[in-house]
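# A look at the structure
One-letter residues, chain by chain:
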Amino acid sequence: MISKKMENMVANSSAIRAMFEEGNRLAKIYGAENVYDFSLGNPNVPAPDAVKTSIREILEEEDPVLLHGYTNSNAGYEEVRSAVADSLNTRFNTSFNTKNITMTVGAAGGLNVILKSLLNPGDEVITFAPYFGEYRSYTNNYDGVLVEISPDTNSFQPKLDEFEAKITSKTKAVIVNTPNNPTGVVYSEDTIIKMAAIMEKKQKELGTVIYLISDEPYRELAYDDVEVPYLTKYYANTVVGYSYSKSLSLPGERIGYLVIPDEVADSEVLISAVNVATRILGFVNAPTLQQKIVKKCLNEKTDISYYNRNREVLYGGLTKLGFECIKPEGAFYLFVKSPVSDEKLLCAAAKKYNILIVPGSSFGCPGFVRLAYCVSYETIMNSLPKFAELAEEYK
Ligand SMILES: Cc1ncc(COP(=O)(O)O)c(C=O)c1O
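Being a predicted model, the structure only gives us computed values, none of them experimental.

Secondary structure summary: the protein contains 14 helices and 12 strands in total. Since a compact globule built from 395 residues should have a radius of gyration of about 21 Å, the 21 Å found for the protein is in line with a globular shape. Principal-axis analysis of the C-alpha atoms gives the protein an extent of 60 × 55 × 50 Å. Put simply, the protein has 395 residues, and 53% of those count as buried. Sequence separation of 24 or more characterises 74% of the internal contacts of the protein that already satisfy a separation of 6 or more. Accessible surface computed for the protein: about 17,200 Å², of which carbon and sulfur atoms make up 50%.

Following this line, the structure appears as structure tokens:
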């Protein structure tokens, strides 16, 4: 018999995944071109050519035994971590060193490693709705408690009064995700400054340390030159979790990193803990070939003009039909207000037109639905008449 904890996890298993499977089922019946699957954040833009070239070069250049072996440190190859640190320092005027970087198995691996390192049972982790639903599972993995801040459904910026009120002596960490999944909103510099001031104040008042975890898989997917603040500059106890899943379109390859700056409280101990957590969670080290690839591709990124075109067309098309939503500044999601308060009814109605969308309750924000527009342009164009039929139902 499986554990009680897993029983619950299986029972609540991701609605998004279920949608994805539904998409495959519908594609078999109606043909893939007649299914409008906006359910999953799986990039459809190919990785930059440099990734392929790098793989070839690495296989030619490197000693295969070393290349495919365990890394000396669980944190990853020194040369890779050092190159990542240099690249961040150039881009964000930071002063990271090799030791501040730990290579991880994607952002998901990084979040698990840092939460394993930080949480005692009962510790609280605050996050802002709407949020990536897996934060709940990751926190639960280490017997932490996820505390939600309710959404500001006008701006989708964090509600700072509620944030301040919900920080307690048990608050160990705060997770922010900007550009955000599922809204596409980028937290403004003003928001970040205010948030940092609240955490500073609360740390003093409570005599505790509150870690800010910045989950950044969408950092490079920002449109119209919007500024995405680099959070270590605003709050000393910031840990950054990065991933190449979206920026290089490599989600299946499982590669990312954590930044734990020297300024972070107990930095050295935390870095050692993260090293051990990488090992004992069974990751051992981030995939070695992928580490070498990202080193060669530090200045590369996926072609976001593709997502940008989808964003414009889908946002324009849906708002014209009367759907309400905020224009995303980053990532590849549109978070649309449901014309009926139970958004699951909208998802069910959409399915009649072979449109697959995800209920906002999966992100702690009922009354909205998420559309992942990392799909082909044709899918978007062909879906618009179907959305028009759907909109008619709510006139
Ligand atoms: C906000 C957010 N965090 C983390 C992840 C996990 O990403 P990775 O593939 O890097 O593990 C995702 C994936 O979609 C995400 O949307």
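From this point on, the discussion continues.
Counting residues in each nonpolar core, the largest one holds 65 residues, and the members touching the most others are Phe38, Phe163, Leu314 and Leu371. Residues in contact with leucine 371, not counting those within four places in the same chain, are Phe38, Leu314, Leu318, Phe332, Tyr333, Leu334, Val336, Ile357 and Phe387. Among the nonpolar cores identified, the runner-up in size contains 26 residues, and Val113, Leu119, Tyr142 and Ala173 belong to it.

Attention shifts here to the packing of helix α12 (residues 304–320) against helix α14 (residues 377–392). It is the contact of α12 with α14, at a shortest axis distance of 10 Å, that shows an interaxial angle of 5°. Between α12 and α14, the crossing angle belongs to the class labelled roughly parallel. Where α12 approaches α14, its residues Tyr306, Arg309, Asn310, Val313, Leu314, Gly317 and Leu318 are matched on the opposing element by Tyr377, Ile380, Met381, Leu384 and Phe387. Within the contact of α12 with α14, the residues separate by chemical class into 9 nonpolar, 2 polar and 1 charged.

What follows covers the site of the ligand. Neighbouring the ligand are 14 residues; Ala107, Asp215, Tyr218, Ser243 and Arg254 lie closest to it. Separating an oxygen atom of the ligand from a side-chain N or O atom of lysine 246 is a distance of 2.9 Å. About the coverage of the ligand: the protein hides 91% of its 400 Å² of free accessible area. With 3 residues, the single largest contributor to the shell around the ligand is helix α6 (residues 106–118). A breakdown of the residues in the shell around the ligand according to their chemical character gives 6 nonpolar, 5 polar and 3 charged.

What follows deals with the state of the cysteines. Disulfide: a covalent bond formed between the sulfur atoms of two cysteine residues. Per the stated rule, a full pass over the model turns up 0 disulfides. Considering cysteine sulfurs only, cysteine 365 is the nearest to cysteine 325, which forms no disulfide, with 13 Å between them. Since its relative accessible area comes to 15%, cysteine 325 is described here as buried. Cysteine 365 takes part in no disulfide bond, and the closest cysteine sulfur, belonging to cysteine 347, lies 13 Å away.

Right, let's talk about a nonpolar patch on the surface for a bit. A grouping of Ile2, Met6 and Val10 is seen on the molecular surface, where their side chains present a nonpolar patch of about 280 Å² in accessible area. With respect to the secondary-structure elements, valine 10 resides in helix α1 (residues 4–11).

Before going further, it helps to spend a moment on the side chain of aspartate 123. Relative to the elements of secondary structure, aspartate 123 occurs in the loop between α6 and β3 (124–128). On the basis of relative accessible area, aspartate 123 is assigned to the buried category, the value being 12%. Ignoring sequence-local partners within four residues, the contact set of aspartate 123 consists of Leu118, Gly144, Val145, Lys170 and Lys172.

Right, let's get into the sheet that holds strand β5 (residues 171–176). Overall, mixed pairing links the 7 strands, which are arranged β2-β8-β7-β6-β5-β3-β4 in an open sheet. Where the open sheet ends on each side, the last strands, each with one partner, are β2 (101–104) and β4 (145–149). Between one strand axis and the next, the sheet turns by 20° as a mean value, whatever way the strands run. Where strand β7 (residues 238–243) lies against strand β8 (residues 256–259), 4 bridges are found, and the strand directions are antiparallel. Across the sheet, the residue bridging to valine 240 is valine 259, located in β8.

Moving on, we get to the pattern of salt bridges. Inspection of the entire model under this criterion finds 23 salt bridges. Close ionic contact of glutamate 162 with lysine 166 constitutes a salt bridge, the shortest N to O distance being 2.9 Å. Taken together, the positions of glutamate 162 and lysine 166, both in helix α8 (residues 160–166) and 4 residues apart, correspond to about one turn of that helix. A salt bridge links lysine 201 to glutamate 164; the shortest N-O distance between them is 2.4 Å. Pair noted here: lysine 201 is in helix α9 (residues 189–206) and glutamate 164 is in helix α8, with a separation of 37 residues, a long-range link. By relative accessible area, glutamate 164 is classed as partly exposed at 23%. Bridged by salt links that share partners, the residues Glu62, Glu79, Lys292 and Lys295 form one connected network.

As a further point, take the sheet that holds strand β11 (residues 358–359). As summarised here, the arrangement of the 3 strands in space is β9-β12-β11, forming an open sheet in which the pairing is antiparallel. Strand pairing shows two members of the sheet lacking a second neighbour, β9 (333–337) and β11, which therefore form its edges. In the sheet, β9 pairs with strand β12 (residues 368–372) via 5 bridges, with the strands oriented antiparallel. Its bridge partner lying in β12, leucine 334 is registered against leucine 371.

With that settled, consider the packing of aromatic side chains. Going through the model one piece at a time under the given rule, you end up with 21 aromatic pairs. Ring geometry for phenylalanine 96 and tyrosine 230: centres 6.4 Å apart, planes at 50°, overall tilted. Placement of the pair is phenylalanine 96 in the loop between α5 (78–92) and β2 and tyrosine 230 in the loop between β6 (211–215) and β7, with a sequence separation of 134 residues. By way of ring pairs, the aromatic residues Tyr218, Tyr306, Tyr307, Phe332 and Tyr333 are connected into one cluster.

The rules behind each value
Residues numbered from 1 in each chain as written. Predicted model: local features only at pLDDT ≥ 70, side-chain atom pairs only at ≥ 80, totals over all residues. Heavy atoms only, no water. Helix = DSSP H or I, 4+ residues; strand = E, 2+ residues; numbered from the N terminus. Rg over C-alpha atoms; globule rule 2.2 N^0.38 Å. Buried < 20%, exposed > 50% of the residue type's maximum accessible area, 1.4 Å probe, protein only. Contact = heavy atoms within 4.5 Å. Areas by Shrake-Rupley, 256 points an atom, 1.4 Å probe, with all protein chains shown as cover. Core = buried A, V, L, I, M, F, W, Y, C linked by side-chain atoms within 4.5 Å. Axes fitted to C-alpha atoms, helices over the stretch in contact; angles between N-to-C directions. Parallel < 35°, antiparallel > 145°, perpendicular 65-115°, else oblique. Nonpolar A, V, L, I, M, F, W, Y, C, P; charged D, E, K, R; others polar. Near = heavy atom within 4 Å. Polar contact = N/O pair within 3.5 Å; in protein donor to acceptor, adjacent residues only side chain to side chain. Disulfide = S-S within 2.5 Å. Patch = residues over 30% accessible without salt bridge, like charges linked within 9 Å, V, L, I, M, F, W, Y side chains within 5 Å. Salt bridge = Lys/Arg side-chain N within 4 Å of Asp/Glu carboxyl O. Pairing = 2+ DSSP bridges. Phe/Tyr/Trp six-rings, centres within 6.5 Å; stacked < 30°, edge-to-face > 60°.

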